Amino acid sequence: MRASVLFEQGKPVQVEELDLEAPREGEALVRMTASGVCHSCLHAADGSWKGVPVPIVLGDEGAGVVEAVGPGTQDLQVGDHVVLSWAPTCGRCHFCVIG
């Protein structure tokens, strides 16, 4: 896959070709169809947040289609359309249920 990789905070990202392992237990492989660099990514990139482990792939918010699931993965199947976020909703608290 091609990804924007941050190797050092405060330096430009580099687009790299990466090899991915197969999904492990409880994981899913998603073919991204849209991705965004949110403010969390920008804070990681510009150094506002200290101690971010690098290298790191930016663009954690997006949407795509599940291509593979690891053993024991529940609630997802190959072909499912999904939205990714670093802070997923729980679906149960007041703010989630009011939409």
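Analysis parameters
Residues numbered from 1 in each chain as written. Predicted model: local features only at pLDDT ≥ 70, side-chain atom pairs only at ≥ 80, totals over all residues. Heavy atoms only, no water. 1 Å grid on protein atoms, 1.4 Å probe; cavity = no way out; pocket = protein on both sides within 12 Å on 5 of 7 lines; lining within 4 Å. Points joined across faces, edges and corners; volume = space filled by probe spheres on them. Helix = DSSP H or I, 4+ residues; strand = E, 2+ residues; numbered from the N terminus. Nonpolar A, V, L, I, M, F, W, Y, C, P; charged D, E, K, R; others polar. Pairing = 2+ DSSP bridges. Axes fitted to C-alpha atoms, helices over the stretch in contact; angles between N-to-C directions. Salt bridge = Lys/Arg side-chain N within 4 Å of Asp/Glu carboxyl O. Buried < 20%, exposed > 50% of the residue type's maximum accessible area, 1.4 Å probe, protein only.

Peer 1: So what exactly am I meant to see when it comes to the layout of surface pockets here?
Peer 2: Empty space among the atoms becomes visible once a probe the size of a water molecule is rolled across them. Approximately 790 Å³ is the volume found for the largest pocket. What lines the largest pocket is a set of 25 residues, and nearest its centre among them are Met1, Leu20, Val30, Met32 and Val57. Here the element with the most residues in the lining of the largest pocket is strand 3 (residues 28-36); it accounts for seven residues. In terms of residue class, the lining of the largest pocket is built from 14 nonpolar, four polar and seven charged.

Peer 1: So what exactly am I meant to see when it comes to the sheet that holds strand 6 (residues 81-84) here?
Peer 2: Pairing between sheet strands relies on hydrogen bonds along the backbone, with the strands arranged either parallel or antiparallel. If you trace the three strands from one edge of the open sheet to the other, you get 3-5-6, paired in antiparallel fashion. Each having just a single partner strand, strand 3 and strand 6 make up the two edges of the open sheet. With strand direction ignored, the average angle separating the axes of adjacent strands in the sheet is 35°.

Peer 1: Would you take a moment to explain the pattern of salt bridges for this structure?
Peer 2: Here the idea is simple: oppositely charged side chains can pair when their charged atoms come close. Enumeration over the complete set of coordinates arrives at three salt bridges. Arg24 is paired through a salt bridge with Glu27; the nearest N and O atoms lie 3.6 Å apart. The exposed category is assigned to Arg24, whose relative accessible area is 51%. Between Glu67 and Arg31 there is a salt bridge, and its shortest N-O distance comes to 3.0 Å. Within this pair, whereas Glu67 is found in strand 5 (residues 61-69), its partner Arg31 is found in strand 3, the two being separated by 36 residues in sequence. Residue classification places Arg31 among the partly exposed positions, given a relative accessible area of 41%.

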